[in-house]
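# Structure at a glance
Residue-level listing of the chains:
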Amino acid sequence: MRILALNASPRRGDGNTHRLLEPFLRGTCDAGATVRCYYVPDLNIRSCAGCYACLDTACCCIDDDMRWLLEEVWAADTLVLGFPLYMAGIPGPLKTVVDRLRPLMPSPLVPRDLIRCTGDRAHRGPSRLVMASVGGVWES
């Protein structure tokens, strides 16, 4: 099993998101999984341009770290998103990554019956999603 973990905390290994993800990922490794973990703030990923080229090509026209990261997502069985809650939502850089996962989605222009028969790209990528989030202020 291949697991891809994205830690969106700007605190890297010193934050609560790391403390939450680390035992989970260690346990999956002990069970025989292959785990790759990336810190989202370290990645050079630009915002979606809204050009919809990915609907036709199944890849994004923007040349940044999302090109290789999308290949990693496609190859994973499980995608793990770890993030702190800031202002009651996910951090902006992780939202940018999620927006750029559009090539994984089925094309709205392909009829659902055809997708079932031919196996559209909607079936590529992880079959499981794990979301792990922390929030709170220690002074509270």
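Structural data are supplied above this passage.
Here's a quick rundown of the structure. Just so we're clear, the structure is a prediction, and the values are computed from it rather than from any experiment.

### Comments concerning the overall build of the chain
Scanning the chain from N- to C-terminus turns up five helices and four strands. Listing each helix as α and each strand as β along the chain from the N terminus yields β-α-β-α-α-β-α-α-β. With 140 residues in all, the chain has 36% of them scored as buried. Carbon and sulfur atoms form 55% of the exposed surface of the chain, whose accessible area is close to 8,500 Å².

### Observations concerning the side chain of Ser-9
Structurally, Ser-9 is set in the loop between β1 (2-7) and α1 (16-30). From its side chain, Ser-9 meets the backbone nitrogen of Arg-11 in a polar contact 3.1 Å long. Setting aside its immediate chain neighbours within four residues, Ser-9 contacts Thr-17, Tyr-39, Pro-41, Gly-82 and Pro-84.

### Digging into the environment of Cys-29
If you trace the backbone, Cys-29 turns up in helix α1. Taking relative accessible area as the criterion, Cys-29 reaches 39% and is therefore assigned partly exposed. C-alpha separation for the pair Cys-29 and Arg-2, spaced 27 residues apart in sequence, amounts to 9.7 Å.

### Considering the nonpolar core
Of all hydrophobic cores here, the largest spans 20 residues; its most connected members are Leu-4, Leu-6, Met-66, Leu-69, Leu-94, Val-97 and Leu-101. Mapped onto this core, the elements with two or more residues apiece are β1, α3 (66-75), β3 (78-84) and α4 (92-99). Apart from the residues lying within four places of it in its own chain, the contact partners of Val-97 are Leu-6, Val-40, Ile-45, Met-66 and Leu-69.

### Quick look at unusual backbone geometry
Located in the positive-phi region is Tyr-52, a residue other than glycine, with phi close to 65°. Mapped onto the elements of the fold, Tyr-52 is located in the loop between β2 (34-39) and α2 (53-57).

### Side note on the pattern of salt bridges
If you walk through the whole model with that rule in mind, you get six salt bridges. The salt bridge partner of Arg-12 is Asp-42, with a shortest N-O separation of 2.1 Å. A residue pair is termed long-range when its members are at least 10 positions apart, and Arg-12 in the loop between β1 and α1 and Asp-42 in the loop between β2 and α2 qualify at 30 residues. Across the pair Asp-64 and Arg-100 runs a salt bridge whose closest N-O atoms are separated by 2.8 Å. With Asp-64 in the loop between α2 and α3 and Arg-100 in the loop between α4 and α5 (112-118), this pair connects stretches of sequence that are 36 residues apart. As far as burial versus exposure is concerned, Asp-64 and Arg-100 are alike and both buried.

Criteria and cut-off values
- Residues numbered from 1 in each chain as written.
- Predicted model: local features only at pLDDT ≥ 70, side-chain atom pairs only at ≥ 80, totals over all residues.
- Heavy atoms only, no water.
- Helix = DSSP H or I, 4+ residues; strand = E, 2+ residues; numbered from the N terminus.
- Buried < 20%, exposed > 50% of the residue type's maximum accessible area, 1.4 Å probe, protein only.
- Areas by Shrake-Rupley, 256 points an atom, 1.4 Å probe, with all protein chains shown as cover.
- Polar contact = N/O pair within 3.5 Å; in protein donor to acceptor, adjacent residues only side chain to side chain.
- Contact = heavy atoms within 4.5 Å.
- Core = buried A, V, L, I, M, F, W, Y, C linked by side-chain atoms within 4.5 Å.
- Salt bridge = Lys/Arg side-chain N within 4 Å of Asp/Glu carboxyl O.

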